[in-house]
There are 2 protein chains.
Amino acid sequence: MTTLTNSILEAVREGAGFPEAFTPLHEPEFAGREEDYVADCIRTGWVSSVGSFVDRFEADLAEFTGCSRAVATVNGTAALHIALKCSGVQAGDEVLLPTLTFVATANATSYAGAIPHFVDSEATTLAVCPEALRSHLEECAEKRDGGCFNRKTGRRIAALVVMHAFGHPAQLDPLLELCREWSIPLVEDAAESLGSYYQGRHTGGFGLVSALSFNGNKILTTGGGGAILTNDPAIADRAKHLTTTARISDGWNFTHDEIGYNYRLPNLNAALGCAQLERITDMLQRKRALAMRYKALFKDIAGVRLLEEPQGTESNYWLCTLVLEQFDHQLHTEVLSALNDAGLMARPVWTLMHRLPMFADAPRADLSCAERLAVQIINIPSSPKLFAAPAGAGGDV
Amino acid sequence: MTTLTNSILEAVREGAGFPEAFTPLHEPEFAGREEDYVADCIRTGWVSSVGSFVDRFEADLAEFTGCSRAVATVNGTAALHIALKCSGVQAGDEVLLPTLTFVATANATSYAGAIPHFVDSEATTLAVCPEALRSHLEECAEKRDGGCFNRKTGRRIAALVVMHAFGHPAQLDPLLELCREWSIPLVEDAAESLGSYYQGRHTGGFGLVSALSFNGNKILTTGGGGAILTNDPAIADRAKHLTTTARISDGWNFTHDEIGYNYRLPNLNAALGCAQLERITDMLQRKRALAMRYKALFKDIAGVRLLEEPQGTESNYWLCTLVLEQFDHQLHTEVLSALNDAGLMARPVWTLMHRLPMFADAPRADLSCAERLAVQIINIPSSPKLFAAPAGAGGDV
Ligand SMILES: Cc1ncc(COP(=O)(O)O)c(C=O)c1O
Ligand SMILES: Cc1ncc(COP(=O)(O)O)c(C=O)c1O
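Since we're looking at a predicted model, the values are computed, not measured.

Engineer: Explanation requested: the sheet that holds strand E15 (residues 313–314) of chain B in the structure shown.
Structural biologist: Strand pairing within a sheet occurs via backbone hydrogen bonds; the two strands may be parallel or antiparallel. All names here are of chain B. Strand order in the open sheet formed by three strands is E9-E8-E15, with antiparallel pairing between adjacent strands. Of all the strands in the sheet, the pair left with one neighbour each is strand E9 (201–202) and E15. Taken together, the two bridges between strand E8 (residues 197–198) and E9 define a ladder with antiparallel strand orientation. If you follow Tyr197 over to E9, its bridge partner there is His202.

Right, here's the structure in full:
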């Protein structure tokens, strides 16, 4: 084992609080009214697609994120699919999205009948790089008929999806500026960034429409779940319609006016979400304190850094992320092995999208930064419970 | 109000046990270990896409239905989508399905990129009519290259979906025979027929693959949920793969070898399902007793009948169904109004699929029986709790 690997192992072990048992990347925490609310659903019989917890969860999410509307969905993938449809993506279009993302971002594009067009990320935010995207668009795109088109494929470029990786906000201002110049709607994949702010405003409220995930590994979980966020009431109404089988009721007659989806979040899962949201501030504080503890421990280890929230942002530090200085596949593997062997769960970034067989032929920009990041990034244990001190006490550890 | 309407109103009121409050069509019943199991998920932290209740629910479903494998899904619509894909349906194919069904059957066909081809139902089972289908295929289909093709559109006819309406099993033997003759795989939409048997075998086990739903209005609910049933282990494995993002893991590296879906049932919802399944026999008995009580009450009312389980089948009587003798739109509306106005929830059948705008151009057979049934059918309150006597006591009421 190299000295660097050994130093990393010791720092993660200390940062995680010298755990004795296997330590997962991110465990949910149910320390509030989760059981009460879920039992309430069962006692009243309201467990399914209609119920007061769904309405409340949507209202609470809108309030927490500062977006005017939230539409709860069965998961984040479903939220992304509908967000793309609501942003105007149609079959045969292209959608710009980072190669460095979870497969759901690209899959959702396919569900909408569109083709992913992969773009590069930057090392500071791990999100879409505005400068690289600008050059790429100048090289391959043209504006006509009020839209943006790929000159090579002839297809319309219908949206840009920006993903806030591991909770760190992307550079939204320059990305929005670029989208305005090129007439491309911006969609935020905010699956990982609940509780993350850009210039003081919650992520997910910058794009035309965006998606959250409440999967079990996320900061807030509903078992499985997600939400669509938007500030446009017409888009919110359309998202609600599409996620509820596009049903129109007229007395006891139901019809459906287009192909819709059963993407409703059950009330049972929304109940869990309501209880979780009551405690999110406390969970976010402890996650931040944990990140600060890791940061202090990694400050003096040469060859590796803890990824910090970008300037002008507040990150939820969903998954604490180490970035190795060298592009060294062997070192990367060695560190991953050492951590996992020690029971400290560690993961590389997802296999880049352009390397997956079903997207091998998709159009793409130069992706060299993402390719380098793929051998540099390591996620380490990040559960709020690893920083167990009472809320507020941990900021200066 | 006509005398017939009045007699129907009084019989439904009596059958439902002279309820004092508003009486829904079908309410879930949580009288077992639902709260315990769900609390267990929260206490152990296993609420999400992996967990022991998911495994147990799949095993319990396989055992209950007698199918070799069950794959739990996020809902019945998702199960149908994947069942169609697993039966070999591809983009551009046609799928035969009844116009008399819930919109999910047709939507799932569209999600797979295929075109619904609507066929007629019969008055005895309300399901696909084997004779009408035989004539229709003779008229429009031809066999070539080992498959069945629509001579008019040139498209492959890739599957037949049979839906067991309101729990009454379709005539599976003649339908299977027809499918064999024409080399068309049979898929069962068994969303409504958990606990229904054809010739002693559970529905859902006859087709190549089939779909169940555990929506809040179904006999067994998981909040939202569904399952894929099959006796083919390769299909089950593929269904599991497609519903879990088509992920392949190799140590800490994850890749995805095709476009997959996040159609996993959360452990929290599976926990509810396990508790519900423990009590299904009791719920089925009381539903049957309720149906027998309605049957006795309707026996002597001329002009209307209670739809009975077809010969050779055992129905779960999911939704008790009245069939008016006349094709009289006005009478149909009058009965629906009278029941709903009296707080006894009643519903016509779904708007027929070929009448929905998005399927207006889809190919179709003669649909005159379904069109007549649409003004004859009325569903009436059918919750097991309406027959509150202890299990077993009600069969001879
Ligand atoms: C970036 C990103 N997008 C989308 C999703 C999909 O969310 P879900 O798993 O809830 O479908 C996730 C989380 O899994 C994610 O991390
Ligand atoms: C015939 C039929 N097919 C499919 C479905 C879809 O199931 P789900 O609502 O669980 O998506 C249902 C129930 O809603 C149904 O009745």
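Engineer: Would you take a moment to explain the site of ligand 1 for this structure?
Structural biologist: Around ligand 1 sit 17 residues, and of these Thr77(A), Glu192(A), Ser213(A), Lys218(A) and Asn262(B) come closest. Surrounding ligand 1 are residues belonging to chains A and B, so the site spans chains. Between an oxygen atom of ligand 1 and a side-chain N or O atom of Ser213(A), the distance comes to 2.7 Å. One of the side-chain nitrogen or oxygen atoms of Lys218(A) is found 3.0 Å away from an oxygen atom of ligand 1.

Engineer: Explain unusual backbone geometry to me, please; I cannot follow it from the model alone.
Structural biologist: The general pattern is negative phi for most residues beyond glycine and trans for most peptide bonds. Even without glycine at this site, Gln199(A) takes up a positive phi of about 50°. Looking at where Gln199(A) falls in the secondary structure, it is placed in the loop between strand E8 (197–198) and strand E9 (201–202). Notably, Asp145(B) is not glycine yet its phi reads approximately 50°, a positive angle. As for its placement among the helices and strands, Asp145(B) is situated in the loop between strand E4 (141–144) and strand E5 (147–150). Looking at Asp145(B), the relative accessible area reads 74%, which means it is exposed.

Engineer: I keep staring at the interface of chain B and chain A and nothing clicks. Help me out?
Structural biologist: By convention, interface size is frequently given as the accessible area that disappears when the constituent parts associate. Facing 53 residues of chain B, the contacting portion of chain A comprises 53 residues. Buried surface at the junction of chain B and chain A, both sides included, amounts to about 4300 Å², of which 66% is carbon and sulfur. For the pair chain B and chain A, the interface holds two salt bridges. A salt bridge links Arg43(A) to Glu35(B), with the shortest nitrogen-to-oxygen separation between them at 2.7 Å. Our enumeration of links across chain B and chain A arrives at 17 residue pairs in polar contact (both at pLDDT 80 or more).

Engineer: Honestly, the pattern of salt bridges in this entry has me stumped. Any pointers?
Structural biologist: Any two side chains of opposite charge can pair, so long as their charged atoms come close to each other. Evaluation of the coordinates by the stated rule reveals 44 salt bridges over all chains. Residue Glu29(A) pairs with Arg279(A) through a salt bridge whose shortest N-O separation is 2.8 Å. Taken together, the residues span a long stretch of sequence, with Glu29(A) in the loop between helix H1 (3–15) and helix H2 (34–44) and Arg279(A) in the loop between helix H9 (267–278) and helix H10 (280–298) at a distance of 250 residues. In this structure, Glu29(A) and Arg279(A) share a single accessibility class: buried. Arg286(B) serves as the salt-bridge partner of Asp282(B), at 2.9 Å between the closest nitrogen and oxygen. With Asp282(B) and Arg286(B) both in helix H10 (residues 280–298) and four residues apart, this pair spans about one turn of that helix. Under the relative-accessibility criterion, Asp282(B) is labelled partly exposed at 22%. When its relative accessible area of 8% is taken as the criterion, Arg286(B) is described as buried. When salt bridges with common partners are traced through the structure, they connect Glu29(A), Arg279(A), Asp282(A) and Arg286(A) into a single cluster.

Engineer: How should I be thinking about the site of ligand 2 in this particular structure?
Structural biologist: Taken together, 17 residues lie near ligand 2, and Asn262(A), Thr77(B), Glu192(B), Ser213(B) and Lys218(B) sit nearest. Ligand 2 sits at the junction of chains A and B, each of which supplies nearby residues. In the model, an oxygen atom of ligand 2 is placed 2.7 Å from a nitrogen or oxygen of the Asn262(A) side chain. The contact in question runs from a nitrogen atom of ligand 2 to an N or O atom on the side chain of Asp189(B), over 2.8 Å. Protein chains shield 97% of the accessible area of ligand 2, which is 380 Å² for the free molecule. Elements with a minimum of two residues in the shell around ligand 2: helix H4 (76–86) and helix H5 (103–111) of chain B. Residues of the shell around ligand 2, tallied by class, amount to five nonpolar, nine polar and three charged.

Cut-offs applied
- Residues numbered from 1 in each chain as written.
- Chains lettered and ligands numbered in written order.
- Predicted model: local features only at pLDDT ≥ 70, side-chain atom pairs only at ≥ 80, totals over all residues.
- Heavy atoms only, no water.
- Pairing = 2+ DSSP bridges.
- Helix = DSSP H or I, 4+ residues; strand = E, 2+ residues; numbered from the N terminus.
- Near = heavy atom within 4 Å.
- Polar contact = N/O pair within 3.5 Å; in protein donor to acceptor, adjacent residues only side chain to side chain.
- Buried < 20%, exposed > 50% of the residue type's maximum accessible area, 1.4 Å probe, protein only.
- Contact = heavy atoms within 4.5 Å.
- Buried area = accessible area lost by both parts, 1.4 Å probe.
- Salt bridge = Lys/Arg side-chain N within 4 Å of Asp/Glu carboxyl O.
- Areas by Shrake-Rupley, 256 points an atom, 1.4 Å probe, with all protein chains shown as cover.
- Nonpolar A, V, L, I, M, F, W, Y, C, P; charged D, E, K, R; others polar.

Coordinates in, geometry out; function isn't part of it.
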